[in-house]
Amino acid sequence: MPTRFFNTYSRELEEFHPLDPAGKRVKLYTCGPTVYNFAHIGNFRAYVFEDLLQRHLEARGFDVERVMNLTDVDDKTIKGCRQLGVRLAEFTKKFKDAFFEDIGTLRIKRAKDFPAATDYVAQMIEMIRVLEKKGIAYQAEDKSLYFRLSKFPEYGKLAHLNLDELRPGVRVQSDEYEKENIGDFALWKAWDENDGDVKWDSPWGPGRPGWHIECSAMATALLGPEIDIHCGGVDNIFPHHEAEIAQSECVTGKKFVRYWMHCAHLMVEGQKMSKSAGNFYTLRDLLEKGWTGREIRYALITVNYRLPLNFTFDGLSAARSALQRIDEWTERLKLHAGLQIPISEYFSTTLAGMNPKEATSYLLSKYKVVSGSELRKDTDGILAYGERFFDALDDDLNISGALSHLFNLVRETNRALDAGTLTDGQAVIALHVRNQIDSILGLSPDIRNIPAAVLALVEQRQVARANKQWAESDRLRDAVAELGWVVKDTKEGPKLTPKD
Ligand SMILES: [Zn+2]
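The shown structure was predicted, so the numbers you read here are calculated from the model rather than taken from an experiment.

> Please explain the packing of helix 1 (residues 41-59) against helix 9 (residues 293-301) as it appears in this structure.
A pair of packed helices is characterised by two quantities: the angle between their axes and the separation of those axes. For the pair helix 1 and helix 9, the least separation of the axes is 9 Å and the interaxial angle reads 80 degrees. With respect to their mutual orientation, helix 1 and helix 9 come out roughly perpendicular. Residues I41, F44, R45, V48, D51, L52 and R55 of helix 1 pack against R297, L300 and I301 of helix 9. Taken together, the residues of the contact of helix 1 with helix 9 sort by class into 6 nonpolar, no polar and 4 charged.

> Just checking my understanding: could you explain the side chain of N279 for this structure?
Locating N279 in the fold gives a position in the loop between strand 13 (271-272) and helix 8 (283-288). Looking at N279, the relative accessible area reads 8%, which means it is buried. Separated by 3.3 Å, the side chain of N279 and the backbone oxygen of K272 make a polar contact.

> Just checking my understanding: could you explain the packing of aromatic side chains for this structure?
The relative placement of two aromatic rings is captured by the distance of their centres and the angle of their planes. Going through the model one piece at a time under the given rule, you end up with 19 aromatic pairs. Centre to centre, the rings of F16 and F62 are 5.5 Å apart; their planes meet at 75 degrees, and the pair counts as edge-to-face. With F16 in the loop between strand 2 (12-15) and strand 3 (25-30) and F62 in the loop between helix 1 and strand 4 (63-68), the pair connects residues that are 46 residues apart, well separated along the chain. With respect to burial, F16 and F62 carry one shared label: buried. Taking NZ or CZ as reference, R171 lies 5.6 Å from the ring centre of Y146, over its face. Over the face of the ring belonging to W191 we find K199, whose NZ or CZ atom lies 5.5 Å from the ring centre.

> Could you clarify how one ought to interpret the environment of D184 in this entry?
Looking at the element boundaries, D184 is found in strand 8 (residues 184-190). Sequence separation between D184 and V170 is 14 residues; the distance between their C-alpha atoms is 6.6 Å. Here the side chain of D184 touches L149 through a polar contact of 3.0 Å, landing on its backbone nitrogen.

> When you look at the pattern of salt bridges in this model, what are you seeing that I'm missing?
If charged atoms from side chains of opposite charge come close, those side chains can pair. With the rule as written, the count across this model stands at 34 salt bridges. Between K189 and D175 there is a salt bridge, with its nearest N and O atoms 3.1 Å apart. Of this pair, K189 sits in strand 8 while D175 is found in the loop between strand 7 (171-172) and strand 8, placing the two residues 14 residues apart along the sequence. Overlapping salt bridges, with partners in common, bring together D75, D175, K189, D195 and R208 in one network.

> Teacher, can you tell me more about the pairing of strand 10 (residues 227-233) here?
Within a regular strand, the side chains alternate between the two sheet faces. Among the 7 residues of strand 10, 7 are classified as buried, and the element is accordingly described as predominantly covered. Alignment of strand 3 against strand 10, held across 3 bridges, turns out to be parallel. In the strand pairing of strand 10, L28 is matched with I229. In this sheet, strand 11 (residues 257-263) lies alongside strand 10 in parallel orientation, the contact comprising 6 bridges. The residue bridging H230 from the neighbouring strand is W260, located in strand 11. For the crossover that starts at strand 10, traverses helix 7 (residues 237-252) and ends in the parallel strand 11, the hand is right-handed.

Reading the values: rules and limits
Residues numbered from 1 in each chain as written. Predicted model: local features only at pLDDT ≥ 70, side-chain atom pairs only at ≥ 80, totals over all residues. Heavy atoms only, no water. Axes fitted to C-alpha atoms, helices over the stretch in contact; angles between N-to-C directions. Helix = DSSP H or I, 4+ residues; strand = E, 2+ residues; numbered from the N terminus. Parallel < 35°, antiparallel > 145°, perpendicular 65-115°, else oblique. Contact = heavy atoms within 4.5 Å. Nonpolar A, V, L, I, M, F, W, Y, C, P; charged D, E, K, R; others polar. Buried < 20%, exposed > 50% of the residue type's maximum accessible area, 1.4 Å probe, protein only. Polar contact = N/O pair within 3.5 Å; in protein donor to acceptor, adjacent residues only side chain to side chain. Phe/Tyr/Trp six-rings, centres within 6.5 Å; stacked < 30°, edge-to-face > 60°. Lys NZ or Arg CZ within 6 Å of the ring centre and 35° of its normal. Salt bridge = Lys/Arg side-chain N within 4 Å of Asp/Glu carboxyl O. Pairing = 2+ DSSP bridges. Right-handed = clockwise from strand over helix to strand, strands pointing away.

Structure representation (structure tokens):
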């Protein structure tokens, strides 16, 4: 089945084919954070959805070249630094650093580039000059430059607005405005005293770029005039993305974006998230309450992106249980396979780069579990669960459908383990399918900070325990302790904590 995505522009499911003639390279632009505060979970819903998109495209063999901008100059950042009486760069640095820490916590893959708007002001000025030459940008009495909407009849197509009914005519200076205020939007904002020391020189006098031209300039500078996929939240559609299309297409004469993908809103306990309602959460708020990055990631990723997500604490508890179930199942499979496969093997790039058949032969030759003929007989059914998982994601990232295949695999193999009918080969292949799925979900327990030597000893100890070699198990526990770690046996398997 081909990969299909819902294109906001056409409002239809479309087969995905990148512009690259070789069909391999995908140019992806995702609107990043405005670094004037800590990003909230609504923002992270969009970033996690974009991460799912990138990982699935990579699983399907595409080379994803992703750019995510940082808006470090706009109405909000200027207001923030002025309130604190600090320089803009100092003010935004704190939130840039926090953003990178947060995406690490949520296991979001790094983009190829994270351009900051303040590093691309020259490119923004250049685009505005081109627009001015074409008679599309004009300088108003207030010295700011505006985009003349009457020159771009396509404006409103992405948001499916009827411009005639909205009677444009006024000018809007603010970065964000409602559909009722539709009108010529600001490209360059002339300096005024509210901007303090935030200003750049330009052919039109001192000032600063509007928010929309920032994304057009950074996307074009780093990805070229034509992008395959552009993502954001639904609240970016108007006016931000509408303005990006107008600016970019008027400058380059090319179709700016081929597939527009937007994720729906996030609600908290059924309410719109707002500071005044007391239901406003940053990622940090949730970590403080004892939830982990992978639990929050799971809660954000598991609702199909085009559906509104009702974020609740019950939902977080459900995420915790689901992850425990996957962890317990993984441990059972590892014990059953009776293999001394180091944990690192499951995260190895060797396996990640193989298709299921190659990986199967690799694992079986390396660990000599069953013969080839036996394998073909009993592992095809298991591999099929993995194939169905990825097929579901081909259908506009249908993650809930994909997860149902994962949990069917968990149930079926657990049942076979209970009945004593799961073969060693099936256990190895189920683990392999699990790891392929994990390359999408990114849900493995956090082992990043544990030394490989400790992990290896814990794995050996698990094998000893499975074989009821208690003296050996105790010896290995002491060896782990000598390296500064305490291993505790829990229902979900061994838990490691650093020794005090
Ligand atoms: Zn943007």
